[in-house]
Amino acid sequence: MPSDKAAAAFDKRRVLTQHELFRDAPQTVTERLAVRAQPLTFRCGQRIFCRGDESHGLLAVVSGHVRISTPCPEGRSELIMNLIGPNEVFGEIALLDDGPRTADAVAATRCYLLLLERRDLLPLVNDFPMLAIRLLAILSGRLRRTSQQLSDHAFVCAEQRLAKTLLTLAGDPDRNGGRVLTTQRELGHMVGLSREGINRHLSAWQRKGYVTLAPGACTVFNRKALQNIASGFLEIS
């Protein structure tokens, strides 16, 4: 897994205290993990791990988004199972059973991650049972979200899925101004559309002033309009 100087500059203990798994953990937990946590960075579209790979531990997202998917049997497409964002963790199934990875993980945007190895994390789970309870809660929430994701792909139109995905990637507008750093091809993977289909919708939204486009980026200007589309209030073009 690649790493760089930017990733190494993380305040690892501060980052861990903000994460869903460790937010209420005793200080000794985050201090012990911060010493061993490995900072990593991935560019948009770069594969983090593949289904069947050996598990090295749990990954915590510092910034960016990670697409969790599984390839379809014919190999020409994939089923999107989840989109993991800042202050979330992924890779928890292989962490718990020490089996191979159950899905593919790809950087949907530029990502900064922390790798928490199994040998470092499991002794802490044993020493602090509240971590096990929090991990179960995260797994339950992940299953609920995956069910919603699969339902959306089956019953929600592509324009709604694209609006939902853009709003998720844009995150808090006060923090990043609604800027989404990902390619239209990567958006297509997440939404289940061709790059041309994504471009057609985004270009129409740009003409209406909802978004602005740039190479490898999109900025959301009218969140309300996208929220309406995501909710099913589709406009007639």
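Counting restarts for each chain: residues are numbered from 1 in the order of the written sequence. Confidence filtering applies because this is a predicted model: local features only for residues at pLDDT of at least 70, side-chain atom pairs given and counted only at 80 or more, and all residues used for totals across whole chains, interfaces and linings. Computation of side-chain values covers all heavy atoms of the structure but excludes hydrogens and water.

### Remarks on the packing of aromatic side chains
Only rings of Phe, Tyr and Trp enter the pairing, Trp through its six-membered ring, and a pair is recorded when the two centres are within 6.5 Å. The plane angle decides the type: under 30 degrees is stacked, over 60 is edge-to-face, the rest tilted. Tallied over the entire structure, the rule returns 1 aromatic pair. Plain terms: the ring middles of Phe49 and Phe90 are 6.0 Å apart, the flat faces sit at 35 degrees to each other, and that makes the pair tilted. Residue Phe49 is found in strand S2 (residues 47-49), and its partner Phe90 is found in strand S6 (residues 89-90); the two are separated by 41 residues along the sequence. Each member of the pair, Phe49 as well as Phe90, carries the same accessibility label: buried. Over the ring of Phe49 we find Arg101, and its NZ or CZ is 4.3 Å from the ring centre. To qualify as a helix, a DSSP run of H or I must reach at least 4 residues; to qualify as a strand, a run of E must reach at least 2; elements of each kind are numbered from the N terminus. For every residue, the accessible area (1.4 Å probe, protein chains only) is compared with the maximum for its type, and the residue is labelled buried under 20%, exposed over 50%, or partly exposed between those bounds. By the criterion adopted, a ring carries a charge over it if an Arg CZ or a Lys NZ lies within 6 Å of its centre and within 35 degrees of its normal.

### Notes on helix H9 (residues 184-191)
Burial runs high along H9: 6 of the 8 residues are buried. Within the sequence span of H9, burial applies to Gln184, Glu186, Leu187, Gly188, Met190 and Val191. Directly beyond the C-terminal end of H9, a positive phi value near 85 degrees is found at Gly192.

### A short note on the side chain of Gln160
Within the secondary structure layout, Gln160 lies in helix H7 (residues 158-170). A distance of 3.3 Å separates a polar atom in the side chain of Gln160 from the backbone oxygen of Ala230. A 3.5 Å cut-off defines polar contacts: any pair of N or O atoms within that distance qualifies, except that in protein one atom must be a possible hydrogen donor and the other a possible acceptor, and neighbouring residues in sequence count only when both atoms are side-chain atoms.

### A closer look at the packing of H9 against helix H10 (residues 195-207)
Every angle, taken between N-to-C directions, lies between 0 and 180 degrees, and every axis is a line fitted to C-alpha atoms, over only the stretch in contact when it is a helix. Direction vectors running N to C along H9 and H10 enclose 100 degrees, while the axes themselves pass 8 Å from each other. With respect to H10, the element H9 is oriented roughly perpendicular. The segment H9 lies against H10, with Gln184, Arg185, Leu187, Gly188 and Val191 engaging Arg195, Ile198, Asn199 and Leu202. Residues are grouped as follows: Ala, Val, Leu, Ile, Met, Phe, Trp, Tyr, Cys and Pro are nonpolar; Asp, Glu, Lys and Arg are charged; all remaining types, including Gly, are polar. Looking at the contact of H9 with H10 residue by residue, the classes come out as 4 nonpolar, 3 polar and 2 charged. Should an angle fall under 35 degrees it is called roughly parallel, over 145 degrees roughly antiparallel, and 65 to 115 degrees roughly perpendicular, with every other angle called oblique. A contact between two residues is defined here by any heavy atoms of the two lying within 4.5 Å.

### Re the pairing of strand S11 (residues 217-220)
By the alternation rule, side chains of S11 split into Ala217 and Thr219 and Cys218 and Val220, which are all buried. Following DSSP output, two strands are said to pair if at least two bridges run between them. Pairing between strand S9 (residues 179-180) and S11: 2 bridges, direction antiparallel. Across the sheet, the residue bridging to Val180 is Cys218, located in S11. Two strands pair when backbone bridges link them, and strand S10 (residues 211-214) and S11 are joined in this way by 4 bridges, in the antiparallel orientation. Bridge pairing links Ala214 to Ala217 in S11. In this antiparallel pair of consecutive strands, S10 and S11, the connection spans 2 residues, and Gly216 shows a positive phi of 70 degrees.

### As for the sheet that holds strand S7 (residues 104-107)
Backbone hydrogen bonds are what pair the strands of a sheet, in a parallel or an antiparallel way. Read from one edge to the other, the open sheet built from 4 strands follows the order S2-S7-S4-S5, with strand pairing classed as antiparallel. Single-partner strands in this sheet number two, and they are S2 and strand S5 (78-84). Within this sheet the neighbouring strands show an average axis-to-axis angle of 30 degrees, counted without direction. Relative to S5, strand S4 (residues 66-71) runs antiparallel, the two sharing 6 bridges. Looking at the pairing, Val66 lines up with Ile84 of S5.

### Digging into the sheet that holds S9
Spatial ordering of the open sheet is given by S9-S11-S10, a layout of 3 strands whose pairing is antiparallel. Each edge of the sheet is formed by a strand with only one pairing partner; in this case those strands are S9 and S10.

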